Amino acid sequence: MMNKFEENMNAAWEKYQSEKKNELYPNIMLLGISGAGKSSLINAIFKRDLAKVSNVKPETKGYGKIYYGKQYGLSVNLIDTAGYEMNQGNDYYESVKPILENGIENEHSGENEKIHIIWYCISVANERVEDMDIKILRDICNNAQIRNRVCVVFTKCDLDTEDGEKAAILKKILRDKVCDDLYCFETCNDAELELDIPKLIKWSANQIDDKDLREKFVASQMHDLKAKRKQANEAIATAVTAAGAAAAIPIPFSDAAILVPIQVAMVAKIIDLYGVSDLAAISKGLIGDIVISQIGKSISASILKMIPIVGQVVGSVVNAGVAASITGILGTAISAICYVNVKKYMNGESIDWTMAFSAEMVEKAMKAAKENAIKSEE
């Protein structure tokens, strides 16, 4: 039989999941000649080989393919253009121009959504910038609607000289012939060569003016864990403040379940910010059922054990300090579990998501978070 904590927890999870069904994702468009390394760039940043992700068939248009994030476990939509051959440049640009200016169709509403980020890929291995690259980039940079959303991504930079001489020459050409403030980033698919991928991720996030969409982009990228943890810490701080306010007038210990909606919203946010929902869905298809249900049970059991030892619960009453403290400890614990397991995923290790958030793991993480909090206060 479920206790009051579990009942409130399950209700809050169900509400959260239902609200996610129609959420919007940021749209990223990749441009460039055939063989420019667009697919390798996607793999380097999102750790997804789209050709091997599930059996979902991406929607194909005249200009290439749209990979809607909900269909294959990402919180972004990727528009992977077909690329152009040497003698097809004009036709290529005419095919992509409408989507650059008008956006893509929302898969549910049918309404158009703008392109938030444009990555124009140029392979350093080719050691040249094509005339069509210059023409397309000039047209984009002369379009006030989209010019601030485009950057050039040099791919295959592991084939460059040690001091990046090839990329430097290509950058100069682009800045001389396109515009002198064009952002350029050097990347490759070699995990040991970080190059400019963190800078590209930061620049891309900054171009998305909507906070929710920006968070979804950071959640989907699988390269910069610090960016994920920073966003998680912000979510924890918000929840701690809300929990303290909810218990500003001390509440009976038996009524502490009223904190559950705040804590569930925080945990759900943290899980999404790390991209755990997407990773679990793509690996097991379980996040909406087994994993989420297990998290709810684990949290309720751990909180019930933890509340009496966090602070003084005088006369079985939870005050603002205790409410804020337990919420902070819970958030820190969930963030730590996410951090460790996403890091494993990024390193190519397999993860059993049904065990990652077991009651034992959550309780262990909460105790560690409590001990660290005590040490920081001393």
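Nothing here was measured: the structure is a model prediction, and the numbers come from that model. (Residues numbered from 1 in each chain as written. Predicted model: local features only at pLDDT ≥ 70, side-chain atom pairs only at ≥ 80, totals over all residues. Heavy atoms only, no water.)

Please provide a residue-by-residue account of the nonpolar core, values included.
One finds Val267, Tyr274, Ile334 and Phe357 to be the most contacted residues of the largest nonpolar core, which totals 38 residues. When residues of this core are traced back to their parent elements, those giving at least two are helix H1 (4-20), helix H9 (225-246), helix H10 (260-273), helix H11 (276-283), helix H12 (287-310), helix H13 (320-346), helix H14 (353-356) and helix H15 (359-377). It is H13 that provides the largest number of residues to this core, a total of 10 residues. Setting aside chain neighbours within four positions, we find tyrosine 274 in contact with Ala219, Met222, Leu225, Lys228, Arg229, Ala232, Ser335, Cys338, Tyr339 and Val342. Counting residues in hydrophobic clusters, the runner-up holds 35 residues, among them Tyr92, Leu100, Val150 and Cys179. (Core = buried A, V, L, I, M, F, W, Y, C linked by side-chain atoms within 4.5 Å. Buried < 20%, exposed > 50% of the residue type's maximum accessible area, 1.4 Å probe, protein only. Helix = DSSP H or I, 4+ residues; strand = E, 2+ residues; numbered from the N terminus. Contact = heavy atoms within 4.5 Å.)

Can you explain the packing of aromatic side chains? Please cite residues and give values.
By the definition in use, this model includes 5 aromatic pairs. Note on tyrosine 183 and phenylalanine 185: the rings are 6.5 Å apart at their centroids and 10° apart in plane angle, and the pair reads as stacked. With relative accessibility at 47%, the residue tyrosine 183 sits in the partly exposed group. With a centroid separation of 6.0 Å and 55° between ring planes, the pair formed by phenylalanine 185 and tryptophan 203 is classed as tilted. With phenylalanine 185 in strand E9 (residues 184-186) and tryptophan 203 in helix H7 (residues 197-207), this pair connects stretches of sequence that are 18 residues apart. Each member of the pair, phenylalanine 185 as well as tryptophan 203, carries the same accessibility label: buried. Taken together, the aromatic side chains of Phe46, Trp119 and Phe217 make up a single cluster linked through ring pairs. (Phe/Tyr/Trp six-rings, centres within 6.5 Å; stacked < 30°, edge-to-face > 60°.)

Got a sec to walk through the environment of glutamine 221? Specific residues and values, please.
Relative to the helices and strands, glutamine 221 is located in the loop between helix H8 (211-220) and H9. Sequence separation between glutamine 221 and alanine 44 is 177 residues, and the spatial gap between their C-alpha atoms is 9.0 Å. Beyond its immediate stretch of four places on either side in the chain, glutamine 221 contacts Ile45, Phe46, Ile201, Ala227 and Lys228. Polar side-chain contacts of glutamine 221 include one of 3.1 Å to the backbone oxygen of valine 218. (Polar contact = N/O pair within 3.5 Å; in protein donor to acceptor, adjacent residues only side chain to side chain.)

Could you give an account of the environment of alanine 323, naming the residues involved and the relevant values?
Here alanine 323 is to be found in helix H13. When near neighbours in sequence (up to four residues on either side) are disregarded, alanine 323 contacts Ala243, Ala247, Leu259 and Val318.

Pulling in residues and values, what's your account of the packing of H10 against H13?
At a closest axis distance of 10 Å, the pairing of H10 and H13 adopts a crossing angle of 20°. As judged from the angle between their axes, H10 and H13 are roughly parallel. As H10 packs across H13, the resulting crossing turns out to be right-handed. Here Gln263, Met266, Val267, Ile270 and Ile271 of H10 come into contact with H13, specifically with Ile326, Thr327, Leu330, Gly331, Ile334, Ser335 and Cys338. Of the residues belonging to the contact of H10 with H13, the class tally is 8 nonpolar, 4 polar and no charged. (Axes fitted to C-alpha atoms, helices over the stretch in contact; angles between N-to-C directions. Parallel < 35°, antiparallel > 145°, perpendicular 65-115°, else oblique. Left-handed = near helix turned anticlockwise from the far one by under 90°. Nonpolar A, V, L, I, M, F, W, Y, C, P; charged D, E, K, R; others polar.)

Break down the packing of H9 against H13 for me, citing the residues and quoting the values.
Between H9 and H13, the shortest axis-to-axis distance is 8 Å and the interhelical angle comes to 160°. The angle between H9 and H13 places the two elements in the roughly antiparallel class. Both H9 and H13 take part in a crossing whose hand is right-handed. Contacts from Leu225, Lys228, Arg229, Ala232, Ile236, Ala239, Val240, Ala243 and Gly244 in H9 reach Ala320, Ala323, Ala324, Thr327, Gly328, Gly331, Thr332, Ser335, Tyr339, Val342, Lys343 and Met346 in H13. Residues of the contact of H9 with H13, tallied by class, amount to 12 nonpolar, 6 polar and 3 charged.

A description of the confidence of the model for the chain should follow, citing residues and the corresponding values.
Scored by pLDDT, the chain has a mean of 82; 80% of the residues are at 70 or more. Ranking the elements of the chain by mean pLDDT puts H12 last, at 62, and E9 first, at 97. For the stretch residues 309-315, pLDDT sits under 50, and the model shows 13 contacts to residues farther than four places along the chain or on other chains. (pLDDT = per-residue confidence, 0-100.)

Lay out the pairing of strand E7 (residues 117-123) in plain terms, naming residues and giving numbers.
Burial within E7 is extensive, with 7 of its 7 residues counted as buried. For strand E1 (residues 27-31) and E7, the ladder comprises 4 bridges, and the chain directions are parallel. Bridge pairing in E7 links leucine 31 to tyrosine 120. Here 6 bridges tie E7 to strand E8 (residues 150-155), and the two strands are oriented parallel to one another. Bridge pairing in E8 places isoleucine 118 opposite valine 150. The β-α-β motif built from E7, the intervening helix H5 (residues 131-141) and the parallel element E8 has right-handed crossover chirality. (Pairing = 2+ DSSP bridges. Right-handed = clockwise from strand over helix to strand, strands pointing away.)

Tell me what's going on with the environment of alanine 44, and back it up with residues and numbers.
Along the chain, alanine 44 turns up in helix H2 (residues 38-46). Here alanine 44 falls in the buried class, since its relative accessible area comes to 6%. Taking the C-alpha atoms as reference, alanine 44 lies 9.8 Å from glutamate 194; in sequence the two are 150 residues apart. Among all residues touching alanine 44, those that are not within four sequence positions of it are Cys188, Asn189, Ile197 and His223.

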